[in-house]
Amino acid sequence: MFDTKLLSPTPENIDYCARLIKCGEIVGMPTETVYGLAANAFDESAVRKIFAAKGRPADNPLIVHISDIDMIKTLSTDIPELAWKLAESFWPGPLTMVLPKTHKIPSVTSGGLDTVGIRMPKSPVARELIRACLLPLAAPSANISGRPSTTSALHVLNDLNGLIPAVLDGGECEVGVESTVISFESDGVRILRPGIITADELMSVAHNVFIDNGVLNEVSSDIKAASPGMKYKHYSPKAKVVLVDGSLESFIEYAKENASEDTFLMCFDGDEIPDDLNVVYYGKNSREQANRLFKVLRELDELNAKTVFARVPEKSGEGLAVYNRILRAAAFEIVRVGE
Ligand code: AMP
Ligand code: MG
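Residues numbered from 1 in each chain as written. Chains lettered and ligands numbered in written order. Predicted model: local features only at pLDDT ≥ 70, side-chain atom pairs only at ≥ 80, totals over all residues. Heavy atoms only, no water.

A separate point is the packing of helix α1 (residues 11–22) against helix α4 (residues 124–133). Packing of α1 against α4 leaves a shortest axis separation of 9 Å and a crossing angle of 55 degrees. Put simply, α1 runs oblique to α4. For the pair α1 and α4, the sense of crossing is right-handed. In this structure, α1 contributes Ile14, Asp15, Cys17, Ala18, Ile21 and Lys22 to the contact, and α4 contributes Val125, Glu128, Leu129, Ala132 and Cys133. Grouping the amino acids of the contact of α1 with α4 by side-chain chemistry returns eight nonpolar, no polar and three charged. (Axes fitted to C-alpha atoms, helices over the stretch in contact; angles between N-to-C directions. Helix = DSSP H or I, 4+ residues; strand = E, 2+ residues; numbered from the N terminus. Parallel < 35°, antiparallel > 145°, perpendicular 65-115°, else oblique. Left-handed = near helix turned anticlockwise from the far one by under 90°. Contact = heavy atoms within 4.5 Å. Nonpolar A, V, L, I, M, F, W, Y, C, P; charged D, E, K, R; others polar.)

What follows is the structure, encoded as structure tokens:
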């Protein structure tokens, strides 16, 4: 087994990674949301390497990343006027738009769909890499499927060392959760996956914003989901995570009654927790929680947590992105306390 190269994002290293990608290899790249595992979106066999390295189900489509707005024309035709307006407001940034795909995109990239998710990342390293390749890059999150997404180059190595030739180290991701994914309807947009760009922000451009049922509900694995990623077990540490919904007081009472020595509580900064309970903190507001969620889920593995009782984040605004992820980490297991 070889070691994956951990490379600082110098112009030489970016060129080196671009050469790897142009030869059909896959490379870890930083973005402002989470780390991506990037390949030439047009190269079927390179894209297959992504699915193999991650162990990703073949029907879970990849997001295609671009560095310049002109690149979109090679990926999609029939782009609605609203998509151009949203691109103007939110790109570069954490917004993915699902649009009809051109025949240039192989079906393996789009998970067999006739649409493709497109995003222009804000991270300069990601855009420099795309520019150096002169190609759109298909890049899902750079983690083993089912595990929490990666928000640092070391996390990428933890999951994929020896499975990919290199990862560009762009430091810790600024946002920490994946992009907002939207599709288009005749009278507005539909959020398929919430992110840090919220329904309210989209509303300023799109007027009508619908939230897909799959955002907060379990999607059965045998049905056709609007956003296929929603139906898979996701974001999970090794521990069993349970969401405990209620006041801090009832949360603590529940924890005292049910915690064993390898149970950890996942709390908000500022929560006062008795000393005899194990606790990790994941931020005081939604933005911080989004930023730390995946890191903390990975830390819980290092602490050998067997069970995690988690405080429930806000369910609206930026909090919806956090709630959507933690619900899946908990396999939708919620205990309501203090009712
Ligand atoms: P990841 O890159 O791992 O964050 O996963 C990308 C997610 O974006 C997928 O799991 C889908 O849920 C969603 N997505 C990407 N492309 C499409 C598409 N063409 N239609 C619907 N959802 C998509
Ligand atoms: Mg993912």
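In this model, helix α8 (residues 286–302) (17 residues) spans 24 Å end to end at C-alpha, consistent with the 24 Å of a helix rising 1.5 Å per residue. All of the buried residues along α8 are Ser286, Gln289, Ala290, Leu293, Phe294, Val296, Leu297, Arg298, Leu300 and Asp301. Elements that come into contact with the buried residues of α8 comprise α5 (153–160), β13 (263–267), β14 (278–281), β15 (307–311) and α9 (319–329). (Expected span 1.5 Å × (residues − 1). Buried < 20%, exposed > 50% of the residue type's maximum accessible area, 1.4 Å probe, protein only.)

Attention now moves to the pairing of β15. The buried fraction of β15 amounts to five of the five residues, a majority that puts the element mostly inside the structure. Here strand β12 (residues 240–245) runs beside β15; their pairing, made up of five bridges, is parallel. Bridge pairing links lysine 240 to threonine 307 in β15. As paired strands, β13 and β15 are joined by four bridges and run parallel to one another. Its bridge partner being in β15, threonine 263 is matched across the sheet by threonine 307. (Pairing = 2+ DSSP bridges.)

Sheet architecture is open: five strands sit in the order β14-β13-β15-β12-β16, paired in parallel fashion. Each edge of the open sheet is held by one strand with a lone partner, namely β14 and β16 (334–336). Ignoring which end each strand starts from, the neighbouring axes of this sheet average 25 degrees apart. Contacts between helix α7 (residues 248–258) and the sheet are confined to β12, β13, β15 and β16, with β15 contributing the most and set at about 170 degrees to the helix. On top of the sheet, α9 reaches β12, β13, β15 and β16; it is set at about 130 degrees to β12, its chief contact.

To continue, consider the site of ligand 1. As a matter of local geometry, ligand 1 sits amid 20 residues, with Arg56, Asn60, Arg193, Ser227 and Gly229 nearest to it. Contact distances for ligand 1 include 2.6 Å between an oxygen atom and a side-chain N or O atom of asparagine 60. Take serine 141: an N or O atom from its side chain is 3.2 Å from an oxygen atom of ligand 1. Isolated, ligand 1 exposes 500 Å² of accessible area, and the fraction of that covered by the protein chains is 95%. Of all the secondary structure elements, the ones that give two or more residues to the shell around ligand 1 are β6 (115–119) and β10 (188–193). Looking at the shell around ligand 1 element by element, the count peaks at three residues for β6. When its residues are assigned to classes, the shell around ligand 1 shows eleven nonpolar, six polar and three charged. (Near = heavy atom within 4 Å. Polar contact = N/O pair within 3.5 Å; in protein donor to acceptor, adjacent residues only side chain to side chain. Areas by Shrake-Rupley, 256 points an atom, 1.4 Å probe, with all protein chains shown as cover.)

With respect to the element layout, serine 286 can be found in helix α8. Taking relative accessible area as the criterion, serine 286 reaches 14% and is therefore assigned buried. Sequence separation between serine 286 and phenylalanine 268 is 18 residues; the distance between their C-alpha atoms is 9.9 Å. In this structure, serine 286 is in contact with Glu314, Glu318, Gly319 and Val322, ignoring residues within four places of it in sequence.

This model, assessed by the stated rule, comprises three aromatic pairs. On the basis of an interplanar angle of 45 degrees and a centroid distance of 5.6 Å, the ring pair of phenylalanine 268 and tyrosine 282 is categorised as tilted. Separated by 14 residues along the polypeptide, phenylalanine 268 in the loop between β13 and β14 and tyrosine 282 in the loop between β14 and α8 bring together distant segments of the chain. Judged on exposure class, the residue phenylalanine 268 and its partner tyrosine 282 are both buried. Over the ring of phenylalanine 42 we find lysine 104, and its NZ or CZ is 4.4 Å from the ring centre. (Phe/Tyr/Trp six-rings, centres within 6.5 Å; stacked < 30°, edge-to-face > 60°. Lys NZ or Arg CZ within 6 Å of the ring centre and 35° of its normal.)

Omega for the bond connecting tryptophan 91 with proline 92 falls within 30 degrees of zero, at -5 degrees, which places this linkage in the cis form. Mapped onto the elements, proline 92 comes out in the loop between α3 (81–90) and β5 (95–100). Phi is positive for histidine 207, which is not a glycine, with a value near 65 degrees. Overall, the relative accessible area of 61% leaves histidine 207 in the exposed class. If you check the backbone angles, asparagine 304 has positive phi at about 60 degrees while not being a glycine. Among the secondary structure elements, asparagine 304 is positioned in the loop between α8 and β15. Taking relative accessible area as the criterion, asparagine 304 reaches 52% and is therefore assigned exposed.

Bringing helix α6 (residues 199–206) into the picture now. Taken together, the buried positions of α6 are Leu202, Val205 and Ala206. Down the axis of α6, the buried side of the element spans an arc of 80 degrees, and every buried residue falls inside it. Away from its buried face by more than 90 degrees, α6 exposes Asp200 and Ser204. The inward-facing, buried residues of α6 abut α3, β5, β9 (180–185), β10 and β11 (209–211). Phi for histidine 207, located one or two positions after α6, is positive at around 65 degrees. (Arc of directions from axis to C-beta.)

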